[in-house]
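# Observations on chain architecture
Below are the chains, spelled out letter by letter.
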Amino acid sequence: MTTADIHALTGAYAVDAVPGAERAAFERHLSECESCAQEVRELRETATRLALAAAEDPPPALKARVLDQIKTVRQESPSATVTPLRHRDRRAIALRLTSVAAAVLLAAAVALGVLVVRQNDELDQTRARAAEMSEILRAGDAQVLTVDKGKDGRMTVAMSRSENRMLLLTDDLPNPPEGKDLQVWTGHGGTMVSAGFLTPDNGDAVLEISGFGDADAIGVTLEPDGGSDSPTLPAVMEVPLPA
Amino acid sequence: MGERVRRVREARTEPANDVGAELMQRVARGDEPAFEKLYDLLVGPVFGLVRRIVRDPAQSEEVVQEVMVELWRSAARYSPERGSATTWAMTLAHRRAVDRVRSAQAATDRDETVGRRDIGRPFDEVAEQVTTRLEQEQVRRCLRTLTDLQRESVLLAYYGGRTYREVGELLGTPLGTIKTRLRDGLIRLRDCLGVA
Ligand SMILES: [Zn+2]
């Protein structure tokens with residue numbers, strides 16, 4: 001696809017008319033092309049007017065159902081810092097990318113450094129993970145989330161939905177007691193799917209997750225040796241994932 | 001982007017966006033009464049939009065419920081710099097409705113006739129609210145400034161939930177042309193409606 005072609009996709013994209021792989025490619029373009037990003041914002045506001053003109057009264061019973069349901073739905077916590085690497089101002093993108101990338105790479109270095117020292121034969125794997133991390137951060141829709149639980153440790157998640165890839169890093173996580181494992185789960189509208197195990201070394205661990213699909217949350221739980229089929233609550237760490 | 005130079009600004013009905021943004025911020029802090037107000041403010045257009053795309057009444061209600069609950073769940077993610085709260089909600093509603101109909105099972109009963117019939121009667125069965133009527137009149141008038149191909153492309157994609165490929169097939173028009181008509185049509189609509 002030529003550059004001229006791709007700019008023309010703003011209209012179709014603003015009304016969700018660009019499917020799958022092409023959408024992911026356009027989203028990468030959006031993170032680099034401020035005029036397209038601005039146009040998409042405006043065309044979405046425009047499309048909203050079509051929705052307002054189509055307003056219809058819903059069945060009154062729907063309201064009670066919704067108000068009932070929210071009482072059982074945990075809200076995303078504003079304290080989980082979500083850093084979308086996409087911004088109105090291109091300079092701001094660069095600055096944010098640099099500082100966020102630096103923070104995450106620092107966290108990765110802390111986690112991976114331990115592995116390097118202790119297990120020299122895993123150096124290649126370490127390099128592969130550093131490459132993985134920078135690839136994720138280069139994706140147009142890269143986002144970084146951090147959860148800080150103080151003495152109970154920290155978790156950093158770098159993810160890209162278009163790439164369907166994620167890197168989970170922890171530091172200062174208390175070691176699991178004898179006979180227990182730290183299992184990672186992705187949440188899909190309330191269904192939890194195992195994504196692997198963390199093997200912390202001095203509290204630091206890293207896990208690469210690809211193909212997480214529509215996951216809307218990620219969490220770490222303490223499970224009996226070898227893991228469980230469903231998570232044991234409460235979770236050690238959990239964070240909602242941005243759309 | 002030369003189109004923007006020719007932009008004509010017109011008076012427009014304010015869809016109470018500031019109210020929405022303020023409510024979203026309260027909702028993000030777990031304020032249930034604020035969520036109830038937000039629900040009242042947004043559910044009409046969310047329902048109208050989802051109904052047009054999903055069609056089946058029971059499934060439409062499911063999607064609307066999903067969307068409203070998602071607004072509650074992810075309110076903390078909303079930030080006014082990224083657009084109005086109304087647009088945040090409608091973008092989510094459109095995406096969810098489209099996801100629903102594009103999942104294979106619903107595809108069968110969405111044939112060409114249904115898509116086309118919708119274009120002819122874009123504003124039936126609507127709430128009898130003054131703001132909605134004003135909005136409708138203005139949108140209808142602005143839609144008339146589009147060429148037929150621009151208008152049909154925009155309506156099939158937005159109210160019909162079609163991909164631009166499907167729009168191209170339905171209108172028997174090459175894909176490159178559809179892409180540009182969609183963009184040109186929305187830009188013309190933007191300028192006519194005075195969307196900043
Ligand atoms: Zn562009």
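Residues numbered from 1 in each chain as written. Chains lettered and ligands numbered in written order. Predicted model: local features only at pLDDT ≥ 70, side-chain atom pairs only at ≥ 80, totals over all residues. Heavy atoms only, no water.

Chain B is annotated in an unreviewed UniProt entry as RNA polymerase sigma-70 factor (ECF subfamily) from Actinophytocola algeriensis. Per UniProt, chain B carries the Sequence similarities (unreviewed entry) text "Belongs to the sigma-70 factor family. ECF subfamily." (UniProt positions renumbered as here; feature names shortened; annotations may be inferred.)

Per an unreviewed UniProt entry, chain A carries the name Regulator of SigK and comes from Actinophytocola algeriensis.

Right, let's get into the overall build of chain B. For chain B, the count of helices and strands is 9 helices and 0 strands. Considering chain B as a whole, with its 196 residues, one finds that 55% of them fall into the buried category. Across chain B, contacts joining residues at least 24 apart in sequence account for 68% of those joining residues at least 6 apart. (Helix = DSSP H or I, 4+ residues; strand = E, 2+ residues; numbered from the N terminus. Buried < 20%, exposed > 50% of the residue type's maximum accessible area, 1.4 Å probe, protein only. Contact = heavy atoms within 4.5 Å.)

Moving on, we come to the interface of chain A and chain B. Think of interface size as the accessible area that goes away when the parts come together; that is how it is often given. Counting residues at the interface gives 58 residues for chain A and 75 residues for chain B. Interface area lost by chain A to chain B is led by Arg49(A), Leu50(A) and Glu56(A), which between them contribute 14%. On the surface where chain A and chain B come into contact, there are 12 salt bridges. Note that Arg77(B) is salt-bridged to Glu76(A), the shortest N-O span being 2.5 Å. Along the contact surface separating chain A from chain B lie 32 residue pairs in polar contact (both at pLDDT 80 or more). (Buried area = accessible area lost by both parts, 1.4 Å probe. Salt bridge = Lys/Arg side-chain N within 4 Å of Asp/Glu carboxyl O. Polar contact = N/O pair within 3.5 Å; in protein donor to acceptor, adjacent residues only side chain to side chain.)

Here we take up the pairing of strand 9 (residues 237–240) of chain A. Residue and element names in this part refer to chain A. Taking every second residue as pointing to the same face, the buried face of strand 9 carries Met237 and Val239, while none of Glu238 and Pro240 on the other face is buried. In this structure, strand 8 (residues 217–224) lies alongside strand 9, joined through 4 bridges in antiparallel fashion. Looking at strand 9, one finds that Ile218 is bridged to Val239. (Pairing = 2+ DSSP bridges.)

Residue and element names in this part refer to chain A. On average, residues of chain A score 75 in pLDDT, and 72% of them are at 70 or above. Averaged pLDDT values over the elements of chain A bottom out at 45 in helix 6 (residues 90–118) and peak at 98 in helix 2 (residues 10–14). Note on residues 79–99: pLDDT under 50 across the span, and 42 contacts to partners over four residues away in sequence or across chains. When the criterion is pLDDT under 50, residues 112–123 qualifies, and its contacts beyond four places in sequence or with other chains add up to 13 contacts. (pLDDT = per-residue confidence, 0-100.)

Another point: the coordination of the zinc ion. Residue and element names in this part refer to chain A. The protein atoms that coordinate the zinc ion are His7 (ND1), His29 (NE2), Cys33 (SG) and Cys36 (SG), at distances of 1.9 to 2.3 Å. In this structure, the zinc ion is coordinated by 4 donor atoms arranged in tetrahedral fashion, with angles at the metal of 105 to 122°. Summarised as a motif, the one-chain spacing of the donors to the zinc ion is H-x21-H-x3-C-x2-C. An identical accessibility class is assigned to His29 and Cys36; each is buried. (Donors = N, O, S within 2.8 Å, 3.2 Å for Na, K, Ca; no water. Tetrahedral: all angles 85-135°; square planar, octahedral: opposite > 155°, others 65-115°.)

The next thing to look at is the environment of Pro240(A). In this structure, Pro240(A) sits in strand 9. Along the sequence, Pro240(A) and Glu76(A) sit 164 residues apart, while their C-alpha atoms lie 6.0 Å from each other. Not counting chain neighbours up to four residues away, the residues in contact with Pro240(A) comprise Glu76(A), Ser77(A), Leu145(A), Asp216(A), Ala217(A) and Arg73(B).

Take the packing of aromatic side chains next. Residue and element names in this part refer to chain B. In total, this model carries 4 aromatic pairs over all chains according to the counting rule given. Judged by centre distance (5.6 Å) and plane angle (75°), the ring pair of Phe35 and Trp72 falls under edge-to-face. With Phe35 in helix 2 (residues 32–54) and Trp72 in helix 3 (residues 57–73), the pair connects residues that are 37 residues apart, well separated along the chain. Across this residue pair, the class does not change: Phe35 and Trp72 are buried. Where Tyr78 meets Trp88, the ring centres are 5.7 Å apart and the plane angle is 70°; that geometry is what we call edge-to-face. With Tyr78 in the loop between helix 3 and helix 4 (85–102) and Trp88 in helix 4, this residue pair connects regions lying 10 residues apart in the sequence. With a relative accessible area of 7%, Tyr78 lands in the buried category. Between the NZ or CZ atom of Arg52 and the centre of the ring of Tyr159, over which it lies, the distance is 4.4 Å. (Phe/Tyr/Trp six-rings, centres within 6.5 Å; stacked < 30°, edge-to-face > 60°. Lys NZ or Arg CZ within 6 Å of the ring centre and 35° of its normal.)

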